[in-house]
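This is what each chain is made of:
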Amino acid sequence: MSKRPYVLASAAMSLDGFLDDTSQERLLLSSPEDFARVDQVRAGVDAILVGANTIRTDNPRLLSRSGPSPVKVTLTTSGKLDPAAKFFTTGDVAKLVYAASPAVPELSASLGDAATVVDAGDPVDVHRVLADLAERGIGRLMVEGGSAVHTLFLTEDVVDELHLVVAPFFVGQREAPRFVGAGRFPQGRLTLVETRQLGDVVLLRYLAGRDHRRLREAVELAERCPPSATFRVGAVITDASDNVLATGFSGETDPHDHAEEVALAKLGRDPRLAEATIYSSLEPCSERASRPVTCTQHILDAGIPRVVFAWREPDVFVHAQGAELLRAAGREVVEIPELAPLVRQANRHLPGVD
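Residues numbered from 1 in each chain as written. Predicted model: local features only at pLDDT ≥ 70, side-chain atom pairs only at ≥ 80, totals over all residues. Heavy atoms only, no water.

Asker: What is the right way to look at the pairing of strand β11 (residues 244-249) in this model?
Answerer: Of the strand pairs in this sheet, strand β10 (residues 234-238) and β11 are connected by 5 bridges, and their pairing is antiparallel. If you follow Gly-234 over to β11, its bridge partner there is Phe-249. (Pairing = 2+ DSSP bridges. Helix = DSSP H or I, 4+ residues; strand = E, 2+ residues; numbered from the N terminus.)

Asker: Help me understand the sheet that holds strand β8 (residues 191-198) in this model?
Answerer: Strand pairing in a sheet takes place through backbone hydrogen bonds and is either antiparallel or parallel in direction. Overall, mixed pairing links the 9 strands, which are arranged β5-β4-β3-β2-β6-β1-β7-β9-β8 in an open sheet. Looking at which strands have only one partner, the edges of the open sheet turn out to be β5 (116-119) and β8. Neighbouring strand axes in the sheet, compared pairwise and without regard to direction, differ in orientation by 20° on average. Relative to strand β6 (residues 140-143), strand β1 (residues 6-13) is paired through 4 bridges, and the arrangement is parallel. Across the sheet, the residue bridging to Tyr-6 is Arg-140, located in β6. (Axes fitted to C-alpha atoms, helices over the stretch in contact; angles between N-to-C directions.)

Asker: What is the right way to look at the packing of aromatic side chains in this model?
Answerer: The geometry of an aromatic ring pair is captured by two quantities: the separation of the ring centres and the angle between the planes. For the structure on display, the rule yields 2 aromatic pairs. Aromatic pair Phe-87 and Phe-88: ring centres 4.9 Å apart, planes at 75°, arrangement edge-to-face. Phe-87 sits in the buried class, given a relative accessible area of 0%. When its relative accessible area of 6% is taken as the criterion, Phe-88 is described as buried. On the numbers, 6.2 Å between centres and 80° between planes, the contact of Phe-231 with Trp-311 is edge-to-face. (Phe/Tyr/Trp six-rings, centres within 6.5 Å; stacked < 30°, edge-to-face > 60°. Buried < 20%, exposed > 50% of the residue type's maximum accessible area, 1.4 Å probe, protein only.)

Asker: What exactly am I supposed to notice about the sheet that holds strand β14 (residues 332-335) here?
Answerer: The strand order across the open sheet built from 5 strands is β11-β10-β12-β13-β14, with neighbouring strands paired in mixed fashion. Two strands in the sheet have a free side with no partner beyond their single neighbour: β11 and β14. Each strand axis lies, on average, 15° off the axis of its neighbour in the sheet, ignoring direction.

Asker: Please explain the layout of surface pockets as it appears in this structure.
Answerer: Once rolled over the atoms, a probe with the size of a water molecule shows which space is left empty. Of the voids in this model, the largest pocket is the one considered here, and its volume is about 1,400 Å³. Of all the secondary-structure elements, those providing two or more residues to the lining of the largest pocket are β1, α1 (32-43), β2 (47-51), α2 (52-58), β3 (71-76) and α6 (147-155). When grouped by side-chain class, the residues that make up the lining of the largest pocket number 20 nonpolar, 15 polar and 13 charged. Surrounding the second largest pocket, 25 residues form its lining, Thr-230, Phe-231, His-258, Ser-290 and Phe-317 being those nearest its centre. Tallied by class, residues from the lining of the second largest pocket come to 12 nonpolar, 7 polar and 6 charged. (1 Å grid on protein atoms, 1.4 Å probe; cavity = no way out; pocket = protein on both sides within 12 Å on 5 of 7 lines; lining within 4 Å. Points joined across faces, edges and corners; volume = space filled by probe spheres on them. Nonpolar A, V, L, I, M, F, W, Y, C, P; charged D, E, K, R; others polar.)

Asker: Whenever I open this one, the state of the cysteines confuses me. Can you help?
Answerer: Put plainly, a disulfide is one covalent bond tying together the sulfur atoms of two cysteines. A complete count under the given rule lists 0 disulfides for this structure. Here Cys-295 is not cross-linked by a disulfide; its sulfur's nearest cysteine counterpart is in Cys-285, at 3.8 Å. The buried category is assigned to Cys-295, whose relative accessible area is 0%. (Disulfide = S-S within 2.5 Å.)

Asker: Hey, could you run me through the pattern of salt bridges in this one?
Answerer: Pairs can form between side chains of opposite charge whenever their charged atoms are close. All chains considered together, the criterion is met by 27 salt bridges. A salt bridge links Glu-144 to Arg-42; its shortest N-O distance comes to 2.9 Å. Remark: Arg-42 occurs in helix α1 and Glu-144 occurs in the loop between β6 and α6; sequence separation between them is 102 residues. Using a relative accessible area of 15% as the deciding quantity, one classes Arg-42 as buried. When salt bridges with common partners are traced through the structure, they connect Glu-161, Glu-194, Arg-196, Arg-205 and Glu-338 into a single cluster. (Salt bridge = Lys/Arg side-chain N within 4 Å of Asp/Glu carboxyl O.)

And the structure:
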């Protein structure tokens, strides 16, 4: 799995799932309170992405009043973009245009210094786009649509978080753009982590994506741990194509077992570990009394390049530094704290854990 930014998709829609109507005027879906929220979210990301059609129809500025404006990003297949659009003329920030290969030469000449044009393949490859953004230092990407872009990112399973605002009215026009079109979307239920009323609209915030689903599986594995006076943890190891290689949970074969070492012991020196991801409900241990080798060291010895966990190990037994040690060794470490309450619940038998 190539490194990519954390992707946050954001949209406002009517009760019947439309982003707009068919009139010439832009349909107002958000409330003033929600506009303020979106502005704050924009200030907290490194880049914001919209499709070329959104630039042509809405002419957005994509700036933030709450903090530094993010890098502007767009995708285009046709290359039909006007260098006079506000996307290019407003904001002292970088503008990146990812274009289908056939459109790159003409578009580069048309835009000149207004933007950097990047070959995104033919057709546009969203994984290639995200990998390039990561190389440019983009850690958090906000995707604001429109419909084709949301459909692309969601069907390619690269959305980590979804902010969906629902407005209190219907559109009912068959030709109007919907939030998403038809496609093969990832299966399974998203996790609702927040609902908030903002004036007369409602924000629904979901966790989505491969990392969330696999980490949720690791969290659920912890429920299989036998009674113990230590942490109850679950772990899942996947290969580069997201196939499960092994799972483990604390105390699975011995009371001293840690989840990560159980899963790794089932694989031995499997060459697929060089491109694997290990999901652990708890931050891998960096100190332990029961055995000489920590889970952090087991992960480093196995050569696993990527670690995803939900809850940082509290100082119940030792001062944990697993995440820091893994990052210092060059591993990619992803923390998804929204799932931490479930892990705490599984470990509420420990002193100081509520």
